[in-house]
Amino acid sequence: MNAVSSPHSNVSPASSAIIHKPTIIATQDLRKVYRTGFWLKAAPPSLKQCSIEIYKGETFGLLGPNGAGKTTLLKLLLGIIRPTAGAATLMGEPAGDSEIKSRIGYLPENPYFYDYLTGWEFLSYTAGLFGISGQAKKRRIAELLDLVQLDRISATKKQMRRYSKGMLQRVGMAQALMNDPEIVFLDEPMSGLDPTGRFQVREIILSLKEQGKTLFFNSHVLSDVEKICDRIAILDQGDIICIGEIEKLLGNPAHYQVKGHGGSLDILDQWLCDITFNDGYWQGSLYENPFEFMATARLMNAHIAKLEIAKPTLEEFFIQQIRQRRENADKMSAEQIPKAKRSVKPRRLFGKLIAQ
Ligand SMILES: Nc1ncnc2c1ncn2[C@@H]1O[C@H](COP(=O)(O)OP(=O)(O)O)[C@@H](O)[C@H]1O
Ligand SMILES: [Mg+2]
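Keep in mind it's a predicted model, so treat the numbers as computed, not measured.

Turning to the overall build of the protein, a few remarks are in order. Summing up its helical and strand segments, the protein has 13 helices and 20 strands in all. Put simply, the protein has 356 residues, and 30% of those count as buried. Once local pairs closer than 6 in sequence are excluded, the contacts in the protein between residues at least 24 apart make up 69%.

Next up on the list: the site of ligand 1. The full set of residues close to ligand 1 is Tyr34, Thr36, Ala43, Ser46, Gly64, Asn66, Gly67, Ala68, Gly69, Lys70, Thr71 and Thr72. The biggest single contributor to the shell around ligand 1 is helix H2 (residues 70-78), with 3 residues. Partitioning the shell around ligand 1 into residue classes produces 3 nonpolar, 8 polar and 1 charged.

Let us now look at the sheet that holds strand S13 (residues 231-236). The 6 strands lie next to each other as S10-S11-S12-S7-S13-S14, forming an open sheet whose pairing is mixed. Of all strands in the sheet, those bounded by a partner on one side alone are strand S10 (104-107) and strand S14 (239-245). Here the average twist between neighbouring strands, direction ignored, is 15°. Where S13 meets S14, 6 bridges bridge the pair, whose relative direction is antiparallel. Counted as the bridge partner of Leu235 is Ile240 from S14. Here helix H7 (residues 165-176) sits on the sheet and contacts S10 and strand S11 (183-187); the angle it forms with S10, its principal contact strand, is near 165°. Where helix H8 (residues 195-210) meets the sheet, it contacts strand S7 (59-63), S11 and strand S12 (214-219), and its direction lies at approximately 155° from that of S12.

Turning next to the pairing of strand S15 (residues 255-262). In this structure, S15 lies alongside strand S18 (residues 302-310), joined through 8 bridges in antiparallel fashion. Following the sheet pairing, Gly262 is matched in S18 by Ala302. Alignment of S15 against strand S17 (residues 281-286), held across 5 bridges, turns out to be antiparallel. Bridge assignment links Tyr256 to a residue of S17, and that residue is Leu286.

Time to look at the confidence of the model for the protein. Averaged over the protein, the pLDDT score is 86; the fraction of residues at 70 or greater is 88%. Note that residues 1-18 has pLDDT below 50 and, in this model, 27 contacts with residues that lie over four places away or in other chains. In this model, residues 349-356 is a region of pLDDT below 50 whose contacts with residues beyond four sequence positions or in other chains number 8 contacts.

Attention shifts here to the environment of Thr72. Tracing the chain through its elements places Thr72 in helix H2. Residues Thr72 and Gly238, 166 residues apart in the sequence, show an inter-C-alpha distance of 9.1 Å. The residues touching Thr72, leaving out its near neighbours within four places in the chain, are Lys32, Ser46 and Leu47.

So, about the packing of helix H4 (residues 119-129) against helix H5 (residues 134-147). Angle between the axes and distance between the axes are the two parameters that describe a pair of packed helices. Running from amino to carboxyl end, H4 crosses H5 at an angle of 125°, the nearest separation of the two axes being 10 Å. Considering the angle they form, H4 stands oblique to H5. Two packed elements cross with a definite hand, and for H4 against H5 that hand is right-handed. Side by side, H4 and H5 meet where Trp120, Leu123, Ser124 and Ala127 of the first sit next to Lys137, Arg140, Ile141 and Leu144 of the second. Here the residues of the contact of H4 with H5 are counted per class, giving 5 nonpolar, 1 polar and 2 charged.

As paired elements, strand S2 (residues 23-32) and strand S8 (residues 85-90) share 5 bridges and run antiparallel to each other. Bridge assignment links Ile25 to a residue of S8, and that residue is Leu90. In terms of strand pairing, S8 meets strand S9 (residues 93-94) through 2 bridges, oriented antiparallel. Looking at the pairing, Thr89 lines up with Pro94 of S9. Once S8 ends, the chain turns through 2 residues before running back antiparallel as S9, passing Met91 with a positive phi of about 50°.

Moving on: the nonpolar core. In globular proteins that are soluble, nonpolar side chains generally tend to be buried together. Ranked by size, the top nonpolar core spans 63 residues in total, and within it Leu77, Ala174, Ile183, Val184, Phe185, Leu215 and Phe216 carry the most contacts. Of all hydrophobic cores here, the second largest spans 8 residues; its members include Leu286, Phe293, Ala297 and Ala302.

This part is about the environment of Thr36. The residue Thr36 is located in strand S3 (residues 35-36) in this model. The exposed category is assigned to Thr36, around which 9 C-beta atoms lie within 10 Å.

Moving on, we get to H8. With 16 residues, H8 extends 22 Å between its outermost C-alpha atoms, agreeing within 8% with the 22 Å of an ideal straight helix rising 1.5 Å per residue. Within H8, burial applies to Gln200, Val201, Ile204, Ile205 and Leu208. All buried residues of H8 fall inside an arc of 140° around its axis, so they share one side. Of the exposed residues in H8, the ones pointing more than 90 degrees away from its buried face are Pro195, Thr196, Ser207 and Glu210. Considering only its buried residues, H8 is in contact with S7, H5, H7, S11, S12 and helix H9 (222-228).

The rules behind these values
- Note that residues are indexed from 1 along each chain, following the sequence as it is written.
- Whichever chain is written first is A, and whichever ligand is written first is 1; the rest continue in order.
- With the structure being a predicted model, the display of local features is reserved for residues of pLDDT at least 70 and the display and counting of side-chain atom pairs for 80 or more, all residues being used for whole-chain, interface and lining totals.
- Numbering of helices and strands starts at the N terminus; helices are DSSP runs of H or I of at least 4 residues and strands are runs of E of at least 2.
- The exposure label follows from counting other C-beta atoms within 10 Å of a residue's C-beta, where the C-beta atoms are placed from the backbone and the thresholds are 20 or more for buried and 12 or fewer for exposed, leaving partly exposed in between.
- Any two residues are considered in contact once their C-beta atoms, placed from the backbone, lie within 7 Å.
- We call a residue near a molecule or strand if the C-beta atom, set from the backbone, is within 6 Å of it.
- Throughout, the ten residues Ala, Val, Leu, Ile, Met, Phe, Trp, Tyr, Cys and Pro are labelled nonpolar, Asp, Glu, Lys and Arg are labelled charged, and all others, Gly among them, are labelled polar.
- Pairs of strands are assigned from DSSP output, requiring at least two bridges between the strands.
- The axes are straight lines fitted to the C-alpha atoms, using for helices just the contacting stretch, and the angles between their N-to-C directions are given from 0 to 180°.
- Within a predicted model, pLDDT stands for the predictor's per-residue confidence, ranging from 0 to 100.
- The scheme is simple: roughly parallel for angles under 35 degrees, roughly antiparallel for over 145, roughly perpendicular for 65 to 115, oblique for anything else.
- Here is the rule for handedness: rotate from the far helix to the near one, and if that takes an anticlockwise turn smaller than a right angle the crossing is left-handed, while a clockwise turn gives right-handed.
- In this usage, the nonpolar core is the set of buried Ala, Val, Leu, Ile, Met, Phe, Trp, Tyr and Cys residues whose C-beta atoms join them within 7 Å.
- In a helix, the anticipated span is given by 1.5 Å times the number of residues less one.
- In this description, the arc belongs to the directions extending from the helix axis to the C-beta atoms.

This is the structure:
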C-alpha cells in the first residue's frame, strides 16, 4: 500500500523514462490459427489480432493461463511458426529474418537436451553453431557458466541426465545467451523450479537487465513477474486483455483504506464501505475523492490516522481481469443465442424438410 501524498503519487519517475525508448519488437494484428488433423481443420484462433510494442532495454512479462497463446506469440516473434495474418518486426526487420536470428537468444518452455552430453559439451556445440571456436569458445563458456552460477568442474564432468531441473534450466539460459543477444526470449523460465532455483533465475534476469538487454518472457509465476518486469501484458484465449506498467495497472482503479477516530457514524456510513471498529478506531474503504472526504472529516471533527491507496496484488489483478473478461464473453454469447435461434432455418434432407 502506498501512502497518498499527492493525486499524482502513483506515477513513478522510473516508469515514465521507459516511454521514450525506441521500439525493438512490434506486432500488428498478428493472428495464428493452427490447422490440425488429416483434413487440416482450422482450430479456434490461438492468437487474435495482437498489436503490441516492446521498448529497447525493458523487461516485458507476458502472463496468461495455460493455453492462452503465450508460447504461440513467442514462436511467431522468433519466426519458428508463420502467422495466419498480420506482421511482426524485431529491430525493424521481419520476424524470422536470419540476420536478426543471430542477435536474439531463446530459452524454450521444455528444452530438450541430449542427456549423455555434459553441460560443457552441449554449450561447446551451441558455440559452434554461432561460429565461436578455440580460446574464444572456452572463455565464453566459462563466462556463461559463472553468470548462470553453474560449477565449471561439474559442467565438464557430469552428464546432463544427472542434472537437477534447476541446473538444466541454467544450462538452457547459458545456451540462450551464447551469442550475447540483444533480445532474450524466455518461455516460462521459472516453471518447475524450487524457491532457490527461482531466486537464481530471477538474479540472472536482473543481471541481464542491468546489461541493457531487452527481455521478453512468458510466465505464470506472478510474484516473480511483479519483482522484475517493467511492463506486462495479460493474454487470455488469444486476446491481449491489458498491457502496461505494473504500477499503473495495479493503481487503477484505486480505492483508499482510511483509518481514524471520532466523527459521526451516520456520515461515515455514507462515505465508507466495510467499516470495522478496533481499539477506538474505525476503518473502511473509500471509493470517493479523498480530498472531499478529508474536508468532510474536518467538519464532523473526525481525526484521520491513515489514508492509503489500496492496490490489488498482481495476482488479484490478474484473476480479476480474467474473470471480468470471461463474464463479459458469457454475457455476449447469452445475448447472441436468442438471435441465433431466430435465424435457424429448416434443413432439407432426402427431399424432406426437417427442423434443426
Ligand atoms: N502446434 C500446435 N498445433 C495445434 N494447436 C496448437 C499448437 N500449439 C499450440 N496449440 C494450441 O494453441 C493454444 C495456445 O497454446 P500455447 O500458445 O501453447 O499457450 P500457452 O503457452 O499460453 O500455454 C492452445 O489451445 C493449444 O492447444
Ligand atoms: Mg506455453
